[in-house]
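Analysis of the macromolecular model
The chain contents come next:
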Amino acid sequence: MSESPEEISGPRRVIGTPSPAPKAVDVIDEPKEPAFSAEPTMVDHAKNAERVVAALFILAFLAGCGFIAAYVGLEVGQSTIPKGANAVVAAFRSNLALGSCLSIALLALGIGSMIWVRHLTPNIEIEEQRHDMNSAPADRAAFQRSFAEGAAISQITKRPLIRRTMLLATLPLALSPLVLLRDLGPLPQTSLRTTVWRKGLRAVTLGGLRPLTPGDLSVAGSMITVIPEGYQDDQDALAKAGVILISFEPGQLNVPTRVVGGVTVSTQNWTLDNTIVAYSKICTHVGCPVALYEQTTHHILCPCHQSTFDASAGASVIFGPAPRPLPQLPLMVDTDGYIAAASDFTQPVGPSFWERG
Amino acid sequence: MSDDAVKIPAPVSGVGGWLDDRFHGAKGVRVLMHKVFPDHWSFMLGEIALWSFVILLLTGTYLALFFVPSMSDVVYNGSYTKLDGITMSQAYQSTLNISFDVRGGLLIRQIHHWAADLFMVAIMAHMLRVFFTGAYRKPREINWLIGIVLFTMGMIEGLFGYSLPDDQLSGAGLRITEGVLQGVPIVGTYASYFLFGGAFPGDSIIPRMYILHVFLIPGLILGLITAHLFIMFHQKHTQMPAFGNTEKNVVGQPFFPYFLLKGQAWFFFIFGALVVLATFAEINPIWLYGPYTPLAISSASQPDFYMGILEGSLRMMPAWEINFLGHTLSLSVLIPAAVPLGIIFTGAGLWPFFEQWATGDKSFHNINDRPRNAPVRTGVGVAAVLFYGVLWAEGANDVLANAFDVPLYTITWISRFAVFILPIGGYYITKRICLGLQRKDAGLLTHGVEIGIIHQLPNGEFVEEERPLTEEERALVDSKHVYKALPTPVEADENGIPAPAARGPLGWARAYANQAFTETVEPTNGHGNGHGPNGHEAIEGGEHAAIGAGDDDSHEEH
């Protein structure tokens with residue numbers, strides 16, 4: 001099967017040039033049977049091709065059997081694999097065996113089918129006439145007449161009262177599916193404006209749920225994610241209340257200002273000793289956690305869309321699509337010496353929304 | 001045997017007869033068997049999407065047998081011991097179980113994911129083929145629109161599908177979806193609360209996406225694919241320009257047995273290729289990402305490739321927010337979420353109608369265009385690809401920055417300019433290339449093909465020998481459909497009233513667009529072996545002579 005019949009019958013065709021031999025086009029008005037010729041021109045060639053196709057199909061058969069054998073033979077899952085074996089390795093091994101067998105079976109079937117159609121079937125082209133897409137004018141006219149007649153018989157054109165009341169009747173029915181969607185969820189009301197932080201609520205580490213003292217952050221340049229104590233299982237609360245604590249050398253932190261209730265206030269007393277500051281971890285762009293912190297530049301980076309905030313200057317935006325600084329959480333040290341919130345955030349955290357104002 | 005009448009096997013007469021007694025199908029089925037399928041490699045692209053969808057249905061059904069669409073918390077204690085003791089949703093746990101505790105589960109999961117990506121790749125490639133060859137023209141505009149709807153549905157279906165496992169990466173995608181939804185004016189927060197059943201993440205989103213992903217959207221896709229195929233079947237396939245192909249016929253191989261065998265081969269190839277990928281190329285290893293928590297994220301978080309354009313748009317947009325009558329209008333979210341895809345989908349949907357309007361061409365087209373023969377269309381197509389491509393690449397700006405050691409912000413700044421400059425430049429350059437290729441074709445038609453023999457004349461002049469094009473070559477090279485320029489609108493009639501076509505910006509736009517669409521290169525006539533100054537000048541001046549070249553009637557239109 002070194003050459004295909006087309007290649008033998010004509011000169012070699014260079015890719016990109018039109019086929020040199022005129023196509024044998026069998027012009028027919030209505031589709032008719034292609035000239036029947038079950039015998040390919042090159043008998044030896046066909047014999048070879050037949051053997052290759054059959055070999056590929058036998059390969060596909062064997063690979064298919066291999067798939068079943070691999071399914072039966074290679075156990076996965078902790079409860080079935082031998083003691084001490086690694087369940088993940090077992091799953092990957094099973095995947096490799098099953099996938100290899102299935103790949104071979106399918107590709108062998110595909111290649112075999114392609115050789116079959118290209119090398120064993122005679123290359124016959126037929127021609128079919130297209131018919132105009134538009135109907136004959138008489139048919140169109142007849143349809144229009146039937147339609148108009150039917151409409152007239154139904155009286156819908158004649159009796160506007162019926163027509164209009166019917167439309168009126170369907171209106172609330174058409175709206176009712178939308179009405180039914182109302183109970184998909186509660187109304188947002190003011191829930192996007194507040195978080196669970198309140199005065200005296202301790203900040204604990206996200207990982208170990210450990211409360212922190214200012215001394216735990218004495219190494220300048222560290223950033224740590226904290227959550228309100230007791231809310232570790234409340235994903236809805238955490239999605240708004242996640243906070244990053246960042247510590248600075250004395251003097252590194254520019255005293256940020258915030259607008260609270262229309263008045264610009266210094267937020268120096270929101271920090272601890274002007275060295276530890278807390279910002280919302282929820283990006284003001286579309287809500288990803290701002291998780292990357294570069295100590296040397298004090299830049300906080302959101303890995304989703306690369307909004308960049310300057311932690312030393314009130315988390316102001318220095319690059320990217322975020323429209324405003326990360327909200328700052330007022331901090332205090334509680335009577336036991338642990339870091340806690342001095343109040344909730346003074347502005348909504350996270351992405352913008354219409355009612356935000 | 002070939003001379004004998006074909007022997008009818010007993011099952012054909014027996015079973016066939018039994019069925020025909022009941023359905024009267026012999027005549028109709030015979031017509032279907034002879035249905036002609038024109039052959040061209042690019043006609044197989046849509047078929048890739050079709051077979052991918054079939055594979056998606058098969059593998060998806062299997063996965064649904066094991067997947068638990070629930071956000072109830074469970075503590076994991078299973079085969080993937082690294083996550084032992086971790087609280088996670090049942091959705092995530094059951095996806096881990098499919099991967100590690102169901103034989104073949106990982107394979108089917110990965111086939112399903114790869115097939116979804118291939119489905120979208122194939123739709124894109126198929127759309128580009130249809131666009132660049134003008135196969136969307138009358139009477140096939142409706143099928144073009146169905147294709148666009150299928151593409152958007154594929155995007156939503158894919159987004160919901162890869163969000164179902166409730167892993168860290170897909171949860172980040174949902175968080176972004178929620179953030180964008182909140183930014184929608186007036187209804188944003190309500191839409192978000194209704195979709196998520198309250199505050200993000202809530203415990204409703206997975207079961208809700210599940211029913212949309214496994215029932216509603218695939219049902220719509222299946223229905224639209226069926227309509228797409230029936231319309232294609234009814235209108236008959238387009239064909240490439242070739243000798244013997246006309247607007248009135250369709251030349252190719254009959255459905256039975258050729259297309260059946262080829263379709264079978266193609267299905268097995270595609271399925272086989274997907275299984276090779278699923279076996280050897282890991283995709284979406286959700287066990288490495290961990291269960292979703294709203295406060296964790298990994299760097300270089302990226303959606304599947306077909307959502308990359310939205311991600312890139314969000315990354316490219318500079319910060320911009322305005323206060324509109326006391327309300328927040330988050331333009332740095334709204335513009336990237338709606339505008340780029342809006343331009344692409346709306347533009348693609350309107351394009352066939354725009355082209356008809358600009359060219360005044362209302363005729364049927366069954367022979368495809370060569371891209372060079374429609375310079376404006378090809379230029380606009382390249383511009384769209386570049387526009388999409390820049391936004392898409394920007395969606396991986398962090399990966400690009402890392403791979404090429406370029407500052408992250410630099411890439412974003414480059415893309416902010418490139419998204420405007422590249423499409424415009426691409427349009428003009430492509431249009432010039434198309435006209436250049438037309439000029440080459442015009443040369444072929446007037447000069448013929450150089451056959452590589454050079455003669456030296458007694459006076460020392462060198463002349464290369466050429467042969468005229470064969471009929472088959474001419475059928476391809478001379479397949480250009482030349483649009484006639486619309487009559488120049490009369491500025492004002494004798495009463496000083498301008499013609500309707502000249503009025504207003506629409507009239508002006510149409511005249512301008514028509515001028516672009518009718519720019520062409522006509523083959524010049526009668527120079528034969530025309531070397532020497534006249535021949536070349538005529539060819540090179542063709543671009544300028546084009547509009548006025550109507551007097552040259554040697555060119556036969558197809």
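Predicted, not measured: the structure shown is a model, and the values here were computed from it.

Looking only at helices and strands, one finds six helices and 14 strands in chain A. Here chain A, with 357 residues, has 31% of them falling under the buried criterion. Put simply, 60% of the contacts in chain A that link residues at least 6 apart link residues at least 24 apart.

Residue and element names in this part refer to chain A. The share of residues in chain A with pLDDT of 70 or more is 85%, and the mean pLDDT across the chain is 86. For chain A, helix α1 (residues 5-9) is the element with the lowest average pLDDT, namely 41, and strand β14 (residues 339-341) is the one with the highest, namely 96. Per-residue pLDDT stays below 50 along residues 1-33; that stretch engages in 48 contacts with residues further than four places along the chain or on separate chains.

Residue and element names in this part refer to chain B. Taken as a whole, chain B is organised into domain 1 (34-237 + 251-293) and domain 2 (308-483 + 518-552). For domain 1 versus domain 2, the distance between C-alpha centres works out to 32 Å. Facing 18 residues of domain 1, the contacting portion of domain 2 comprises 20 residues. At the level of secondary structure, the elements contributing two or more residues to the side of domain 1 that touches domain 2 comprise α5 (105-132), α6 (141-163) and α7 (168-182). In terms of residue count, α6 provides more of the side of domain 1 that touches domain 2 than any other element does, five residues in total. Considering only residue class, the side of domain 1 that touches domain 2 consists of 10 nonpolar, five polar and three charged.

Formed by 168 residues in total, the largest nonpolar core has its most connected members in A105(A), V243(A), L245(A), I111(B), A115(B), F119(B) and L274(B). Element by element, the count of residues in this core is highest for helix α3 (residues 87-119) of chain A, at 16 residues. Residues L444(B), L445(B), V477(B) and V521(B) belong to the second largest nonpolar core, which totals five residues.

With that settled, consider the pairing of strand β4 (residues 249-254) of chain B. Counting buried residues along β4(B), six of its six residues qualify, which places the element largely inside the surrounding structure. Of the strand pairs in this sheet, strand β2 (residues 125-129) of chain A and β4(B) are connected by four bridges, and their pairing is antiparallel. Bridging across to β4(B), Q129(A) finds its partner in N249(B). As paired strands, strand β1 (residues 36-37) of chain B and β4(B) are joined by two bridges and run antiparallel to one another.

Residue and element names in this part refer to chain A. Read from one edge to the other, the open sheet built from four strands follows the order β3-β4-β5-β8, with strand pairing classed as antiparallel. Strands with a single pairing partner mark the edges of an open sheet, and in this sheet they are β3 (203-205) and β8 (276-280). Here the strands of the sheet are splayed against their neighbours by 40° on average, with no regard to which way each runs. In this sheet, strand β5 (residues 243-247) lies alongside strand β4 (residues 223-228) in antiparallel orientation, the contact comprising four bridges. Residue pairing in the sheet places T225 in a bridge with I244 of β5.

What follows covers the environment of G200(A). All names here are of chain A. Position of G200 among the secondary structure elements: in the loop between α5 (160-180) and β3. On the neighbour-count criterion, G200 (12 C-beta atoms within 10 Å) is exposed. Each C-alpha atom, one on G200 and one on V333, is 8.2 Å from the other, the two residues being 133 residues apart in sequence. For G200, the residues in contact, after removing those within four places along its chain, are D334 and A340.

Calculation criteria
- Residue positions are given per chain, counted from 1 along the sequence in the order it is written.
- For naming, the first written chain is A and the first written ligand is 1, with later ones following in the order written.
- Reporting of local features is limited, given that this is a predicted model, to residues whose pLDDT is at least 70; pairs of side-chain atoms are given and counted only at 80 or more, and all residues count toward the totals for whole chains, interfaces and linings.
- Comment: elements are numbered from the N terminus, with helices defined as DSSP H or I runs of at least four residues and strands as E runs of at least two.
- Counts of 20 or more other C-beta atoms within 10 Å of a residue's own C-beta define buried residues, counts of 12 or fewer define exposed ones, and intermediate counts define partly exposed ones; C-beta atoms are placed from the backbone.
- A pair of residues counts as a contact when their C-beta atoms, built from backbone coordinates, are within 7 Å of each other.
- Known as pLDDT, the predictor's confidence for each residue is given on a scale from 0 to 100.
- For the purposes of this description, domain bounds are those given by an automatic or database domain assignment.
- The nonpolar class holds Ala, Val, Leu, Ile, Met, Phe, Trp, Tyr, Cys and Pro. Asp, Glu, Lys and Arg form the charged class, and all remaining residues, Gly among them, are polar.
- Note on terminology: a nonpolar core is a set of buried residues of type Ala, Val, Leu, Ile, Met, Phe, Trp, Tyr or Cys, with members joined through C-beta atoms within 7 Å.
- Following DSSP output, two strands are said to pair if at least two bridges run between them.
- Axis definition: a line fitted to C-alpha atoms, over the contacting stretch in the case of helices. Angles run 0 to 180 degrees between N-to-C directions.

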